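Now for the letters of each chain:
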Amino acid sequence: MAAAPPPLERAIEDYLNYLRVERGLSPATIRAYRADLADFAAGEDAAGTWAAGPDAARRHLAARTKRGRPADPGLAPTSLRRRAASIRGFYRFAFGDGLIDRDIAAHLDLPRQPRLLPETLTVAEVDALLEAAPDLRARALLELLYAAGLRVSEALGLDREDLSTDGGFVRVIGKGDKERVVPIGDIALEWLGRYLAWPRGAWLARAGQADGPGSPVFVTQRGSRLGRQQAWHVVKGAAEAAGLGDRVSPHTLRHSFATHLLEGGADLRVVQELLGHASISTTQLYTHVTGERIREVYTRAHPRA
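All of these numbers come straight from a predicted model, not from anything done at the bench. (Residues numbered from 1 in each chain as written. Predicted model: local features only at pLDDT ≥ 70, side-chain atom pairs only at ≥ 80, totals over all residues. Heavy atoms only, no water.)

**Observations regarding helix α9 (residues 186–206)**
- With 21 residues, α9 extends 30 Å from end C-alpha to end C-alpha; this agrees with the ideal 30 Å at 1.5 Å per step.
- Where α9 is concerned, the buried positions are Ala188, Leu189, Trp191, Leu192, Tyr195, Leu196, Pro199, Arg200, Trp203 and Leu204.
- Where α9 is buried, its residues touch α7 (136–148) and β1 (163–164).
- Just beyond α9, the residue with positive phi is Gly208, at close to 75°. (Helix = DSSP H or I, 4+ residues; strand = E, 2+ residues; numbered from the N terminus. Expected span 1.5 Å × (residues − 1). Buried < 20%, exposed > 50% of the residue type's maximum accessible area, 1.4 Å probe, protein only. Contact = heavy atoms within 4.5 Å.)

Next comes the structure, spelled out in structure tokens:
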């Protein structure tokens, strides 16, 4: 005859000790697991039925589903998925450690990962953002991020030899050290050329740095490579000056680049190559954005919409 399962609270403590000692998880992560499982344990009948089957966990997750109720809004999809993962991990431990005689975790499914649509700007909003750049370096950076759809880390990692102003392209080393060549439009090239001539050259000279192979494209006034935090402030400052609020991050220009290409009729595979996505499914997310925009235009313009 199988031994009776331990009390739920003790089983949870055993699991948290396992995570701390065997898995070496951080105190902050342990606290998150503890909060998730304590909320589960406080549920109606959870203490008496947790080991009998998956129903206690399913009832708990169903009760925590976000339903838009003012008094009890529930968990956001990402938080609900984390809660489900915490509970399933606990049940997997309980079965593996012999605390229960049923593999309840196998009957608990994680909620689907929500597919969040990327925040994008309209063409007019991009124009306003670019015009709000406070100086030549900021304008050149913003123009490049939008013209080539670069990640901010890719733009800041560029050396002078990676940028061909004559050829109108930039050579980028993206995720996984994958190289790609991305064309740059004339407007962005003009602003880059002006920035490269001054003040970049003066800043490098003042710092005693050579303007040649290995020298960064985007530099500080001290001649060192511009950092991510500084680039973030450039984008945020221009967005505030343009009246775009907190909606804009450096990645927003990359999202807008892809969306505007697709709206202009670009092939999805071409956009995938330009963005450096390993999988076409990542790029396909932008087709949902263009679809939403098409619906907005239809609703606004059609007399029977």
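That shown, we press on.
**Some details on the nonpolar core**
- Grouped together as the largest cluster of nonpolar side chains are 50 residues, with contacts concentrated most on Leu144 and Phe218.
- For this core, the elements supplying multiple residues, two or more each, are α6 (123–131), α7, α8 (152–156), β2 (169–173), α9, α10 (228–241), α11 (250–263) and α12 (268–275).
- The residues touching Leu144, leaving out its near neighbours within four places in the chain, are Gly149, Leu150, Ala155, Leu158, Ile184, Leu192 and Phe218.
- Membership of the second largest hydrophobic core comes to 30 residues, among which are Ile12, Ile30, Leu37 and Ile87. (Core = buried A, V, L, I, M, F, W, Y, C linked by side-chain atoms within 4.5 Å.)

**Some words on the sheet that holds β2**
- Read from one edge of the open sheet, three strands run β1-β2-β3, paired in antiparallel fashion. Where the open sheet ends on each side, the last strands, each with one partner, are β1 and β3 (179–183).
- Strand direction decides the pairing type here: β2 and β3, joined by five bridges, are antiparallel. If you follow Ile173 over to β3, its bridge partner there is Glu179. (Pairing = 2+ DSSP bridges.)

**Topic: the packing of helix α2 (residues 27–41) against helix α5 (residues 77–96)**
- Running from N to C, α2 and α5 cross one another at 85°; their axes reach a closest spacing of 9 Å. On the basis of the axis angle, α2 is roughly perpendicular to α5. Along its contact with α2, which presents Ala32, Tyr33, Asp36, Leu37, Asp39 and Phe40, the element α5 presents Arg82, Arg83, Ser86, Ile87, Phe90 and Tyr91.
- For the contact of α2 with α5, the class distribution of residues is seven nonpolar, one polar and four charged. (Axes fitted to C-alpha atoms, helices over the stretch in contact; angles between N-to-C directions. Parallel < 35°, antiparallel > 145°, perpendicular 65-115°, else oblique. Nonpolar A, V, L, I, M, F, W, Y, C, P; charged D, E, K, R; others polar.)

**A few points about α11**
- The end-to-end C-alpha distance of α11 is 21 Å, a good match for the 20 Å that 14 residues give at a rise of 1.5 Å each.
- In terms of burial, α11 is largely enclosed, as 11 of its 14 residues are buried.
- Where α11 is concerned, the buried positions are Pro250, Thr252, Leu253, Arg254, His255, Ser256, Phe257, Ala258, Thr259, His260 and Leu262.

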